[in-house]
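Residue-level structure breakdown
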Amino acid sequence: MPVSITNSKLIYDGLKACDVRLIAALPETWLVHLIRMADEDRAMTLVRVAREEEAIGIAAGAHLAGVNAALLMQNHGFLAAINPVVSLAFLYKIPLLMLISYRGHVGEKDPWQTQGGLVTEPLLRALNIPTWQLSAAHDVARQLKDAQTLAHASLTPVAVLLTRDLMWEDG
Amino acid sequence: MKTSDALRAIYPELERRIVVTIMGATASELYALGHRPNFFYLEHAMGLASSMGLGIALSMPEQQVIVLDGDGSLLMNLGTLSTMARYKPGNLLHIVLDNESLLSVGGFPTATATGTDLAGVARAAGIPRVTEARTVPEFQKAVSDTLRARMLTTIVAKVEAVPPASYYMDLTLLENRFQFWRHLQSLRHSSPSPPAAERVG
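Small disclaimer: the values here were computed from a predicted structure and weren't measured.

**Focus: the overall build of chain A**
Per the secondary structure count, chain A includes 8 helices and 6 strands. Starting at the N terminus and ending at the C terminus, chain A contains elements arranged as α-β-α-β-α-β-α-α-β-α-β-α-β-α. Against the globule reference of 16 Å for 171 residues, chain A gives a C-alpha radius of gyration of 15 Å, in line with a compact fold. When its C-alpha atoms are laid out on the principal axes, chain A stretches across 45 × 35 × 30 Å. Look at the contacts in chain A between residues 6 or more apart in sequence, and 77% of them connect residues 24 or more apart. Of the roughly 6,600 Å² of accessible surface on chain A, 56% is carried by carbon and sulfur atoms.

Here it is, written out as structure tokens:
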């Protein structure tokens, strides 16, 4: 599977450097290594959810309990979670660090991913969610830290889009 | 059993625990009994009170968390049962006040009115301890037994679809949020227990 293990490790190490202690996740292809790393890390609480809305609630609970959380989901999972992003995270001023695999964008071969890919950035803009695209391996740790810093300072959700350039190694 | 009587009967247990409620009648009835800084009323995001409770329970394993859920809310997020069952935090008590109705929006019957058995769904999802209560004494006993058992439990309590005397709560959402957050931080700092991020399950 050509999902980059090296860059997944960079992202995971970046989350650890942000003192993330709880990860709520729903698996998808690009996230498999990240989720495996969380699963193998005895110091990480990994919560595998059935649907992404749950992950927003779980991360909100962790925040109120004083634990840094991160979310791992596909962009289609983000679409499924928009209501609690609005009516829990924004309404109650809860910071969220959302790592979203950016499927359906340039280079996508799976037709079923493409519609969600087209609407991801317009929706993030419409929701006024600060968004970074992670594409350069050397900058991953800094960008994750900056995203978390803004989330905590503004008490809002922030989105980090994990791009094909970063996650995929075409053989 | 009326929701107000059920909550009054267990209020002494709620008073000392971290409580997350759904919106509407449940929140109003609890608020009317007496607000505490350890009570959080999720005034939207229907279905996610149990997910928030799970996030808190996993993050603060030394604290008991009680979620006051409803049939309408739980039906919106049945997946929460399988997620809670997967991690089984022993410090999480999930109470479902089942009035078979979306009471706060005018009393539309939910699927529990036509035969859906939430206790059965919870059992089948793998919740290790599921009990049911139809009277106040049964409910009170179910709650106190559970708090001694320290095992993830769902209690389905059948309650009448009677609206509260008032839905008014003199508490803004953000006031509740920051007060609750600050209270949880004080619990963290006063606790001699191991780090909250310890792995569960």
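**Notes on the sheet that holds strand β4 (residues 92-98) of chain B**
Residues and elements named next belong to chain B. Within the open sheet, the 6 strands sit side by side as β2-β1-β3-β4-β8-β7. Their pairing is parallel. The open sheet has two free edges, formed respectively by β2 (39-41) and β7 (129-133), since each of these has just one partner strand. Strand-to-strand twist across the sheet, computed as the mean angle between neighbouring axes with direction ignored, equals 15 degrees. Across 4 bridges, the pairing between strand β1 (residues 18-21) and strand β3 (residues 65-70) is parallel. Each bridged residue has a counterpart across the sheet, and for I18 the counterpart in β3 is V65. On the sheet, helix α8 (residues 173-190) packs against β1 and β2 and is oriented at approximately 145 degrees with respect to β2.

**Side note on the interface of chain A and chain B**
Facing 36 residues of chain A, the contacting portion of chain B comprises 35 residues. Between chain A and chain B, roughly 2,700 Å² of surface is buried when both sides are summed, and carbon and sulfur atoms account for 62% of that area. For the chain A face of the interface with chain B, the top three residues by lost area are E54, L64 and Y92 of chain A, together amounting to 27%. Viewed at the interface, chain B and chain A are joined by 0 salt bridges. Taken together, the links from chain A to chain B amount to 10 residue pairs in polar contact (both at pLDDT 80 or more). At the level of elements, α2 (32-40), β2 (45-48), α3 (52-64) and α5 (82-90) of chain A are the ones that each hand at least two residues to the side of chain A that touches chain B. Element by element, the count of residues in the side of chain A that touches chain B is highest for α3 of chain A, at 9 residues. Residues of the side of chain A that touches chain B, tallied by class, amount to 21 nonpolar, 7 polar and 8 charged.

**Here we look at the packing of aromatic side chains**
Applying the stated criterion across every chain, the model contains 5 aromatic pairs over all chains. Judged by centre distance (6.3 Å) and plane angle (35 degrees), the rings of W30 of chain A and W168 of chain A are tilted. Taken together, the residues W30 of chain A in the loop between β1 (22-25) and α2 and W168 of chain A in the segment after α8 (164-167) connect sequence positions 138 residues apart. Given a relative accessible area of 21%, W168 of chain A falls into the partly exposed group. In this structure an aromatic cluster arises from ring pairing among Y92 of chain A together with F40 and F180 of chain B. Sitting over the ring of F178 of chain B, R177 of chain B keeps its end group 4.1 Å from the ring centre.

**What to know about the sheet that holds strand β6 (residues 157-162) of chain A**
Residues and elements named next belong to chain A. One open sheet holds the 6 strands; their spatial order is β2-β1-β3-β4-β6-β5, and the pairing between them is parallel. Each having just a single partner strand, β2 and β5 (131-134) make up the two edges of the open sheet. Taking each pair of neighbouring strands and ignoring which way they run, the sheet shows an average axis angle of 20 degrees. Pairing geometry for β1 and strand β3 (residues 69-74), over 4 bridges, is parallel. When the sheet's bridge partners are listed, I23 is paired in β3 with A70. Its contacts with the sheet put α2 on β1, β2, β3 and β6, and the angle it makes with β2 is roughly 130 degrees. In the packing of helix α6 (residues 114-126) onto the sheet, the strands contacted are β5 and β6, and the crossing angle to β6 comes to about 160 degrees.

Procedures and definitions
- Residues numbered from 1 in each chain as written.
- Chains lettered and ligands numbered in written order.
- Predicted model: local features only at pLDDT ≥ 70, side-chain atom pairs only at ≥ 80, totals over all residues.
- Heavy atoms only, no water.
- Helix = DSSP H or I, 4+ residues; strand = E, 2+ residues; numbered from the N terminus.
- Rg over C-alpha atoms; globule rule 2.2 N^0.38 Å.
- Contact = heavy atoms within 4.5 Å.
- Areas by Shrake-Rupley, 256 points an atom, 1.4 Å probe, with all protein chains shown as cover.
- Pairing = 2+ DSSP bridges.
- Axes fitted to C-alpha atoms, helices over the stretch in contact; angles between N-to-C directions.
- Buried area = accessible area lost by both parts, 1.4 Å probe.
- Salt bridge = Lys/Arg side-chain N within 4 Å of Asp/Glu carboxyl O.
- Polar contact = N/O pair within 3.5 Å; in protein donor to acceptor, adjacent residues only side chain to side chain.
- Nonpolar A, V, L, I, M, F, W, Y, C, P; charged D, E, K, R; others polar.
- Phe/Tyr/Trp six-rings, centres within 6.5 Å; stacked < 30°, edge-to-face > 60°.
- Buried < 20%, exposed > 50% of the residue type's maximum accessible area, 1.4 Å probe, protein only.
- Lys NZ or Arg CZ within 6 Å of the ring centre and 35° of its normal.

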